[in-house]
Structure formats: C-alpha cells, structure tokens
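Each chain, written out:
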Amino acid sequence: MSVCVLIMMIIPFIIRFERKRITGREIVLLAVLSAVAAVSRIPFAALPSIQPTTFVIIMTGMVFGAESGFVVGAMAALVSNLILGQGPWTPWQMLAWGLIGLAAGGLRNTRLMQTMWGRCVFGLGAGFCFGWLMNVWGLLALNNAISWKSLLAYYSLSFYFDLAHALSNVVFLLLFSRSWMNILSRFKRKYGLFAD
C-alpha cells in the first residue's frame, strides 16, 4: 500500500516538473530548504511530534508556491528518515508533509494566510491533519483488525501527539513566520526565483 501511495504521489509532480522550466537556482533552493526542514527535525526527535519541520514547509509553500511546498515537504520526510529510520510510514509522511506545503502554497494569497492569526490557525490544523493522515497508515498496518472501535481508539490515543504537533506549529509560526517570510521573499525577488 505504501509503495502505491508513493507512486500515486510522485507521478503527477514528475509530469508537472517535466513540463515546467525550473532553473538550477530554484532546484538548489528547494534542496537547501528540504535539508533545513529535514535537519530541523533531528534535534527534536526526543520530543514526540514537536519539530520545526512543518513550519519550514509552510513557509516554503507561502513564499515559493504550492509545488515548492509539496516538494520540500516530501523531501524533508525522505531525507530526515535517512537518519531517524526509513520504513513503510515514510511515503505517508512524505504525502502528509507534501500536502501541507501544497495547501500552504495554494492558500498563500488568501486573507487567511496574510494574517498572523490565520497562519496560526492553518498551522494548528496542519498539525492535526498530519497526525490524522499518519493514523490511516497505522490503521492499515493493523491489516484486518480495522473496526469503528479500533478507529476511535487509534485516533483518541494519538490526540495528545497531534495536539503537541499542532501547538508547536503555532509557536514556531508566532515566533518566526514574519522574519522567514521577509528573508525568503527578499531572496525570491533578488534572484528572480519562482516567478508567479
């Protein structure tokens, strides 16, 4: 199932990237942001569900667009799991973080994402959505034991981890989103990257 998810997730973006002209500078920038998102997860590994990775992905999507947000989200999971451990959950993490970056980029010009409180609400929701999507993988790993009872138990037991992820997103967005947006936007203008 995880291999199918990975293939379904990557093929549309490979096709889209093949049709779009992307400069070397843009690829390097996406690689650097992916590395920052991945490495930022490692020092926080001892604190379950608390890491600035989602914050970096949201900022990438907001400044550089939905495709860039998706790529950085997917690559952050893949690269960080080289150190933290790969497994059948990796494609699901790639999908979850990729979709968060995609959504942040898709909503970047809306009123919601233009205000600090709107970004915080988005970050709160992103933390829960990440956890809920990862719960789908966990339930599928149970094989035939899926029932309403197991579904309720699984989601209720993950609530505190999802809440920790959501609240950490809010904290990182409150503390750093303005400065990151200014720095990334200035970099985008200076080098003429990802023209809208």
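First, a word on scope: everything that follows refers to the structure included in this document. Along each chain, numbering runs from 1 in the same order as the chain's sequence is written. Local features in a predicted model are, by the rule used here, given only for residues with pLDDT of at least 70; side-chain atom pairs are given and counted only at 80 or more, and totals for whole chains, interfaces and linings are based on all residues. Remark: hydrogens and water are excluded; side-chain values derive from all non-hydrogen atoms of the structure.

Let's talk about the nonpolar core
Alright, step 1. Residues belong to one nonpolar core when they are buried, are Ala, Val, Leu, Ile, Met, Phe, Trp, Tyr or Cys, and are joined through side-chain atoms within 4.5 Å. Each residue is placed in one exposure class: buried if its accessible area under a 1.4 Å probe, protein chains only, is under 20% of its type's maximum, exposed if it is over 50%, and partly exposed if it falls in between. Judged by nonpolar contacts, the single largest core of 42 residues is most densely connected at Ile58, Met59, Met62, Phe64, Ile100 and Phe122.
Alright, step 2. Helix and strand definitions here come from DSSP, where helices need a minimum of 4 consecutive H or I residues and strands a minimum of 2 consecutive E residues; each element is numbered from the N-terminal end. When residues of this core are assigned to their parent elements, the largest contribution, 8 residues, is made by helix H3 (residues 53-64).
Alright, step 3. Any pair of residues with heavy atoms lying within 4.5 Å of one another is described as a contacting pair. Those residues in contact with Met62 that sit more than four places away from it in its chain are Ala104, Gly105, Arg108, Met113, Arg119 and Met181.

So, the packing of helix H2 (residues 24-39) against helix H9 (residues 159-191)
Alright, step 1. In this description, a line fitted to the C-alpha atoms serves as the axis of each element, helices being fitted only across the stretch in contact, and the angle between N-to-C directions of two axes falls anywhere from 0 to 180 degrees. At a minimum axis distance of 12 Å, the contact between H2 and H9 shows a crossing angle of 160°. By the angle class used here, H2 and H9 are roughly antiparallel. Of the two elements, H2 crosses H9, and the hand of that crossing is right-handed. Seen from H2, the contacting residues are Arg25, Leu29, Leu33 and Val36; seen from H9, they are Trp180, Leu184, Phe187 and Tyr191.
Alright, step 2. Polar here means any residue outside two lists: the nonpolar Ala, Val, Leu, Ile, Met, Phe, Trp, Tyr, Cys and Pro, and the charged Asp, Glu, Lys and Arg; Gly therefore counts as polar. Taken together, the residues of the contact of H2 with H9 break down into 7 nonpolar, no polar and 1 charged. Throughout this description, any angle smaller than 35 degrees is read as roughly parallel, any larger than 145 degrees as roughly antiparallel, any in the 65 to 115 degree range as roughly perpendicular, and the remainder as oblique. For a crossing to be left-handed, the near helix must be turned anticlockwise from the far one by less than a right angle; the clockwise case is right-handed.

Section: the side chain of Ser177
Alright, step 1. Mapped onto the secondary structure, Ser177 falls in helix H9.
Alright, step 2. Nitrogen and oxygen atoms within 3.5 Å of one another constitute a polar contact, given that in protein one can donate a hydrogen and the other can accept it, and given that sequence-neighbouring residues count only through two side-chain atoms. A distance of 3.4 Å separates a polar atom in the side chain of Ser177 from a polar atom in the side chain of Arg119.
Alright, step 3. A distance of 2.7 Å separates a polar side-chain atom of Ser177 from the backbone oxygen of Leu173.
Alright, step 4. Sequence-distant contacts of Ser177, defined by excluding residues within four places in its chain, comprise Phe55, Met59, Met116, Arg119 and Phe172.

Focus: a nonpolar patch on the surface
Alright, step 1. Residues Met75, Leu78, Val79, Leu82, Ile83 and Leu84 make up a contiguous nonpolar surface patch of roughly 510 Å² in combined accessible area.
Alright, step 2. If you trace the backbone, Met75 turns up in helix H4 (residues 66-84). Patch membership is restricted to residues that have no salt bridge and whose relative accessible area is over 30%. Joining uses 9 Å for like charges and 5 Å for the nonpolar side chains Val, Leu, Ile, Met, Phe, Trp and Tyr. Areas reported as accessible are Shrake-Rupley estimates using a 1.4 Å probe. Residue values count occlusion only from the protein chains shown. Salt bridges are counted wherever a side-chain nitrogen of Lys or Arg sits within 4 Å of a carboxyl oxygen of Asp or Glu.

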